[in-house]
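Structural characterization, general
Residue-level listing of the chains:
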Amino acid sequence: MTGAPAAPAGAVDGPVPAPVRALLSVGDDDVTVVRGGRGEPVVYLHGLCDLHATSDGAAWTPFLGRLAEHAEVIAPALPGYNASTGVDRLEDVEDYVWHLGDIWAASGLGRVDVVGHSLGGWLAAELALRRPELVRRLVLVSPLGAHVPGLVVPPFFGAVAPRGIGGAGEARRLLFFDPDGAPAVSALPDVMTREQQLLWFGGLAGAARLGWKAPHFQSRKLSSRLGRIGVDTLVVRGVGDALVPAAMARAWADGLASASLVEVAGAGHCVALEAPESVDEVVRFLRGGAGSGVAS
Amino acid sequence: MNFFSFHLMPWPHLPAPRQFLADNEAAWVTLSNAHYDPVQGADLYERYLSELVRAEELGLDGVVVNEHHQNAYGLMPSPNLMAAALTRETSRVKICVLGNALPLYNPPTRVAEEMAMLDVMSGGRLIAGLVVGGGPEYYSTNVNPTEARARFREAVDLVLEAWTRPGPFAFDGRFYQLPYVNPWPRPLQQPHPPVWIPGLGSPGTIAYCAENGFGYMGVAYYAPPESFVRQAHAYRDAVAQAGRSFDPELLGWLTTVYVADTDERAVEEAAPHLAYFQGTLAAGFVGPGKVWMPPGYIDPPALVQFLAELRAMVEGPRPSDPAAALWRRSPLVGSPATVRDRLLAVVNELGVGTVLSLLQFGSLPASLTARSTTLYAEEVVPYVRAHATPGARR
C-alpha cells in the first residue's frame, strides 16, 4: 500500500479528509483499497450494494465517513468489485480467506477490528473462524453467510437481473427499506451511467463467484461452526432486511460465542446506506460499550 | 453448399407479444410450466419431428435440434432424444445437435457417450454441436455462470480426448477429475464427428472456433444483418490467422426463412408468427422485460454494450415501413425469387457454406410451415446450389 496517510497524531477535530484510493498488488491479483481516517485501524469489508459496488471510493459513504472520525478505515474491494481482480482464480470461501490474509499482510495489518457488511460480513466471519489471529472484534452489519433450514430468502440474483429498458431490475426493492428513497435511488438510479453499470455488474460477478450456489450466500458449514468464533461480535440488522430475515440475524446472535444484536429501524439490507447513523452503535461497541444498544 | 432445417420446437400457444408482456416478464426461467399442456405437447412433438423428416424427403442436407431448459422457447431439454428418434426416421441427412450445453453436464463424458451413440446409430451422420448454454439456463440449473466459459473449454477438451484417445486414461483438469475415461461406444466418424459452435458474435468464440477447426454458426435472428457480416469476416480472418485453409461448410448462417408466392403474401403470413417468436418467446433475454443474463456470464463491458443495444431496440422509433423492418431481421421472407437472390448474395459475398434455415418459427402453423418448406426446398435451394460459389471471394 502506497500513499496511505498515517493518521495525524492528535488531530481529532475538523472534517475527516477524503479517503486515499490505491491499487494494491496482492499475490497474482490487484486489490482496490480505500483508506483513511484517524484512530485504531479497522478493516471494512463492503457489501453487495455500498462502497465498491455502487460508489467507487473517491469519497466516503456517509457510514464510513462517520466511522473514519473514530478509526483508520481500511476498505479493500473484494474480487470483481471496483478494480479488484481474482474472480477467475478464486473459487470458494477457502480461497477468499487466504486472499484476505494476503491483503492483511500487504497492508501491514495484524489483529484488528473488522466491520463486515452483507457479503463482507460473511467473509469477516469466515476469516475470524479460520484466521483468528487476524481478527480482534467483529461487527457484522446485515451479514450474509448464515443458513437457517427452512427459511426461504428471495433469490438475489434473479431479482437483480437487468431489464431491457435499463436500471438494476428489482434490486432496489429487495435491498432497501424504502426503494424510492434518496439512498436507494442514488445508489441504483433508474438510468445508470456506463461507469455505474461497469461497477455494478463487475461487483455482481464477484458476488456470484462466491454466492451463486443456492440458496445464494448461505453456508451450512459456516452456520454449523458459528460457536467456534470466539471474538466479541456485534450483529446489526435493518428491520426491513429481506436477505437477512430476523430469524437469520437471531441465528447469528445465538450461534456465535459472544454476540449482541441491534436492530435498526427504517433500514433494509443496505443498512450502511439507508441508516448511516447506525455507525454510532458500531463506534460504541468498538469503544468497549458492547451491549449498550438494544442488545439481545 | 449445405442446407439444414433447424428446429427450435417452440411452444406456440401463448398470447401475442403485447398481451403476453402485459402479464409476464419473460418466457424463460419463471414462466410457469402450468402453461404446458402435455396433450397438446404430444401432438407438437409428432408434428415437429415430421417437419424435420420432411426436410430429408425434400432434398435438404441436414436437420438440426438444440438444447433449452425451462422455457417456452424450445421444448428440447434433451435434444439427443430427438436426434435418436431422427436416426431411425431418416437415412440420409446429417443430424446436427447444436448442441449440448457442456457445463450443465457433470461429468461431460456423458455428452461424449451420447453423441458417440448417435454417431454410431446414425451411421456416421452426427454433427456435434458443443455450447456454453444460454444465460437463462444458468439460473435454471444453478451452475455458476462466472466459470461458464472456462468450464466449457475444459469440457470440450475432455470430450474430444474421450473420442480420440484410446481409453482408459485419467483426466486431471481444474473442473473435472476422472480417474478412468473410457467411454463405450466410440464415434463412427474418425477421428471424431465435426464440431460446430453457435455464436452471437463474441470475438473470443469466433477465434476459438477458427483455431480449433470448429464450425462457427452465427445466430442471426436477433441481430441486424450487418452483425452477421462482421461475424463472417471475423471468422475468415481468424481462420487465416490460425494458418488454416477456409472450409465454407464451417461457416454457417442461422436465419429465419419463410417463402410464399409473393413478397406481400410472405410478409403478411409470416409477420404475426415472427412477432410471436421475437416478442413472446424471446422475452427473457431480449425485450423490455427481465433479461436473464447472469453475472459473470459475459464480462461487464460486453454486458453493458448488450444492454445498450437492447435498449435502443426496445425504445427506438416504431418503423414507418413494417415490411422493411421485418426484412431487416428476417431477410429471407418473400417470394422464391426474392429469397433466392438474397440468400445467394449472402452465400457468395460472405463465403457461407452452410445455411441453417429456421423454417418453423414461433407460432407458425403446420400448414404454412409445410408450404413454405416445400417452396424453399424446390424453388430456392436448387437455384442457390447451382449458383453458389461459397468461399470464392470476400
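In the block above lies the structure referred to throughout.
Below is a short write-up of the structure. (Residues numbered from 1 in each chain as written. Chains lettered and ligands numbered in written order. Predicted model: local features only at pLDDT ≥ 70, side-chain atom pairs only at ≥ 80, totals over all residues. Heavy atoms only, no water.)

1. Side note on the overall build of chain B
Within chain B, the regular secondary structure consists of 13 helices and 11 strands. Taken over the C-alpha trace, chain B has a radius of gyration of 20 Å; the compact-globule value for 394 residues is 21 Å, and the two agree within 12%. Taken along its principal axes, the extent of the C-alpha atoms in chain B is 60 × 50 × 45 Å. Going through the 394 residues of chain B one by one, you find that 58% of them count as buried. (Helix = DSSP H or I, 4+ residues; strand = E, 2+ residues; numbered from the N terminus. Rg over C-alpha atoms; globule rule 2.2 N^0.38 Å. Buried < 20%, exposed > 50% of the residue type's maximum accessible area, 1.4 Å probe, protein only.)

2. Quick look at helix α6 (residues 148–164) of chain B
The first and last C-alpha atoms of α6(B) sit 24 Å apart over 17 residues, in line with the 24 Å expected at 1.5 Å per residue. Burial in α6(B) covers these residues: B:Ala148, B:Arg151, B:Phe152, B:Glu154, B:Ala155, B:Val156, B:Leu158, B:Val159, B:Leu160, B:Ala162 and B:Trp163. (Expected span 1.5 Å × (residues − 1).)

3. Thoughts on the sheet that holds strand β8 (residues 259–264) of chain A
Residues and elements named next belong to chain A. The eight strands are arranged β1-β2-β4-β3-β5-β6-β7-β8 in an open sheet whose pairing can be described as mixed. Of all strands in the sheet, those bounded by a partner on one side alone are β1 (20–26) and β8. Recorded for the sheet is a direction-independent mean angle of 25° between the axes of neighbouring strands. The pairing of strand β7 (residues 233–238) with β8 spans six bridges and is parallel. Its bridge partner being in β8, Thr233 is matched across the sheet by Ala259. Contacts between helix α3 (residues 119–130) and the sheet are confined to β3 (40–45), β5 (112–117) and β6 (135–141), with β6 contributing the most and set at about 155° to the helix. Contacting β6, β7 and β8, helix α9 (residues 246–255) runs over the sheet at an angle of about 155° to β8. (Pairing = 2+ DSSP bridges. Axes fitted to C-alpha atoms, helices over the stretch in contact; angles between N-to-C directions. Contact = heavy atoms within 4.5 Å.)

4. What about the interface of chain A and chain B?
If you look at the interface, chain A gives 28 residues, while chain B gives 29 residues. Between chain A and chain B, the buried area comes to about 2,200 Å², and carbon and sulfur atoms account for 57% of it. Summed over the shared surface of chain A and chain B, the result is three salt bridges. We note a salt bridge from B:Glu147 to A:Arg209, for which the minimum N-O separation is 3.1 Å. Our enumeration of links across chain A and chain B arrives at 15 residue pairs in polar contact (both at pLDDT 80 or more). Elements that contribute at least two residues to the side of chain A that touches chain B include exactly α4 (156–159) and α7 (194–211) of chain A. Top contributing element to the side of chain A that touches chain B by residue count: α7(A), with nine residues. Counted by class, the side of chain A that touches chain B contains 14 nonpolar, six polar and eight charged residues. (Buried area = accessible area lost by both parts, 1.4 Å probe. Salt bridge = Lys/Arg side-chain N within 4 Å of Asp/Glu carboxyl O. Polar contact = N/O pair within 3.5 Å; in protein donor to acceptor, adjacent residues only side chain to side chain. Nonpolar A, V, L, I, M, F, W, Y, C, P; charged D, E, K, R; others polar.)

5. A look at the packing of aromatic side chains
Residue and element names in this part refer to chain B. For the structure on display, the rule yields 22 aromatic pairs over all chains. Relative to Phe361, the ring of Tyr258 has its centre 6.3 Å away and its plane inclined at 80°; by these criteria the two rings are edge-to-face. A residue pair is termed long-range when its members are at least 10 positions apart, and Tyr258 in strand β9 (residues 251–259) and Phe361 in the loop between β11 (354–358) and α13 (366–387) qualify at 103 residues. When sorted by exposure, Tyr258 lands in the same class as Phe361, which is buried. (Phe/Tyr/Trp six-rings, centres within 6.5 Å; stacked < 30°, edge-to-face > 60°.)

6. Section: the pattern of salt bridges
Per the counting criterion, the structure on display carries 29 salt bridges over all chains. The closest approach of N and O atoms between A:Glu94 and A:Arg130, which form a salt bridge, is 2.9 Å. Of the two residues, A:Glu94 sits in helix α2 (residues 93–106) while A:Arg130 sits in helix α3, which places them 36 residues apart along the sequence. Across the pair B:Arg265 and B:Glu269 runs a salt bridge whose closest N-O atoms are separated by 2.8 Å. On the criterion of helical spacing, the pair formed by B:Arg265 and B:Glu269 is a turn pair, its members being four residues apart in helix α9 (residues 263–281). With a relative accessible area of 15%, B:Glu269 lands in the buried category. Among the charged side chains, a network of salt bridges with common partners joins B:Asp261, B:Arg265, B:Glu269 and B:Arg371.

7. Considering the state of the cysteines
Applying the stated criterion across every chain yields a total of one disulfide over all chains. Sulfur-sulfur distance for the disulfide between A:Cys49 and A:Cys270 comes to 1.8 Å. Every disulfide takes its handedness from the sign of the S-S torsion; for A:Cys49 and A:Cys270 that torsion is -135°, giving left-handed. With A:Cys49 in the loop between β3 and α1 (62–67) and A:Cys270 in the loop between β8 and α10 (271–274), this pair connects stretches of sequence that are 221 residues apart. Considered together, A:Cys49 and A:Cys270 belong to a single accessibility category, that of buried residues. No disulfide involves B:Cys96; its sulfur sits 12 Å from that of B:Cys209, the nearest cysteine. A residue is classified by how much of its surface remains accessible, and B:Cys96, at 0% relative accessible area, is buried. (Disulfide = S-S within 2.5 Å.)

That is the geometry; function is a separate question.
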